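Chain by chain, the residues:
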Amino acid sequence: MHAQPASSLAPWVPLVLLPVMFVLVSFVLSRMGGWSRLARDYRLDRGGGFPSRYFVSGGVGLVSYRSCLIVGGDARGLYLAVLLPFRVGHPPLCIPWADLQDRVRERWFFLQWDTFRVGPDRVKLRILSSAMKSLDSHLPAARQA
């Protein structure tokens, strides 16, 4: 008879590593894209009550958030949040309207995107234009790309 090699990992190790990796990747994406830089100036710790749209696509810096953003706003500013469970490392934001600069409307195939430069670091923010229609009265005029 041949002895079976013993597994060097306990069976619970993958169950622990998966959530740890999920959290780690979420924090890395926050840093890579610029969400963490926006959170320095625009973090929303409490409050809310913004009329919002869920499952919106967009991007911050180089990171794409496909159908996992919450976008809304009122007179206070643009509200941005990431849906749970992806919110780790991505606190909700409230960006004053005056800090959304250089609005450009871009067309990519059948979709239109509103692109802005935000804050002192001029982080690139890109949101599906259809999600921004109800907020148009607060936004600067868009120029076509």
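The rules behind these values
- Residues numbered from 1 in each chain as written.
- Predicted model: local features only at pLDDT ≥ 70, side-chain atom pairs only at ≥ 80, totals over all residues.
- Heavy atoms only, no water.
- Helix = DSSP H or I, 4+ residues; strand = E, 2+ residues; numbered from the N terminus.
- Rg over C-alpha atoms; globule rule 2.2 N^0.38 Å.
- Expected span 1.5 Å × (residues − 1).
- Contact = heavy atoms within 4.5 Å.
- UniProt positions renumbered as here; feature names shortened; annotations may be inferred.
- Phe/Tyr/Trp six-rings, centres within 6.5 Å; stacked < 30°, edge-to-face > 60°.
- Buried < 20%, exposed > 50% of the residue type's maximum accessible area, 1.4 Å probe, protein only.
- Polar contact = N/O pair within 3.5 Å; in protein donor to acceptor, adjacent residues only side chain to side chain.
- Pairing = 2+ DSSP bridges.
- Axes fitted to C-alpha atoms, helices over the stretch in contact; angles between N-to-C directions.

Section: the overall build of the protein
Next, step 1: Across its full length, the protein carries three helices and eight strands.
Next, step 2: Mapped in sequence order, the helices and strands of the protein form the string α-α-β-β-β-β-β-β-β-α-β.
Next, step 3: Relative to the 2.2 N^0.38 estimate, which gives 15 Å for 145 residues, the radius of gyration of the protein is 19 Å and therefore markedly larger than a compact globule would have.
Next, step 4: For the protein, the spread of C-alpha atoms along the principal axes amounts to about 80 × 40 × 25 Å.

Regarding helix α1 (residues 13-33)
Next, step 1: Along its 21 residues, α1 runs 30 Å from first to last C-alpha, staying within 8% of the 30 Å computed at 1.5 Å per residue.
Next, step 2: The secondary structure elements touched by the buried residues of α1 are α2 (35-42), β1 (52-60), β2 (63-74) and β7 (123-128).
Next, step 3: Looking one or two residues beyond α1, the residue adopting positive phi is Gly-34, at roughly 115°.

Considerations on the UniProt feature "transmembrane region" (unreviewed entry) in the protein
Next, step 1: The residues that UniProt annotates with the feature "transmembrane region" (unreviewed entry) are residues 12-30.
Next, step 2: When the span residues 12-30 is considered, its composition is 95% helix and 0% strand, and the gap between its end C-alpha atoms is 28 Å.

Thoughts on the packing of aromatic side chains
Next, step 1: Summed over the entire model, instances satisfying the criterion amount to two aromatic pairs.
Next, step 2: For the ring pair Trp-108 and Phe-109, a centre distance of 5.2 Å and an interplane angle of 70° mean the geometry is edge-to-face.
Next, step 3: Here Trp-108 falls in the exposed class, since its relative accessible area comes to 54%.

Quick word on the side chain of Arg-105
Next, step 1: Relative to the assigned elements, Arg-105 resides in strand β5 (residues 100-108).
Next, step 2: Polar side-chain contacts of Arg-105 include one of 2.9 Å to the side chain of Asp-114.
Next, step 3: Here the side chain of Arg-105 touches Ser-129 through a polar contact of 3.4 Å, side chain to side chain.

Some details on the pairing of strand β3 (residues 77-82)
Next, step 1: β3 sits mainly inside the fold: six of its six residues count as buried.
Next, step 2: The hairpin formed by β2 and β3 contains two residues between the paired strands.
Next, step 3: The pairing of β3 with strand β4 (residues 93-95) spans three bridges and is antiparallel. In the sheet register, Leu-78 faces β4, and the bridge partner there is Ile-95.

Considering the side chain of Ser-36
Next, step 1: By secondary structure assignment, the location of Ser-36 is in helix α2.
Next, step 2: The residues contacting Ser-36, other than those within four sequence positions of it, are Ser-30 and Arg-31.

Some details on the sheet that holds β5
Consider a sheet: its strands pair through backbone hydrogen bonds, and that pairing is either parallel or antiparallel.
Next, step 1: If you trace the eight strands from one edge of the open sheet to the other, you get β4-β3-β2-β1-β7-β6-β5-β8, paired in mixed fashion. Each having just a single partner strand, β4 and β8 (143-144) make up the two edges of the open sheet.
Next, step 2: Bridge count between β1 and β2: six bridges; the pairing is antiparallel. For Ser-52, the partnering residue across the bridge sits in β2 and is Gly-72.
Next, step 3: Seen against the sheet, α1 touches β1, β2 and β7 and runs at an angle of roughly 70° to β2.
Next, step 4: Contacting β1, β2, β3, β4, β6 (111-118) and β7, α2 runs over the sheet at an angle of about 70° to β4.

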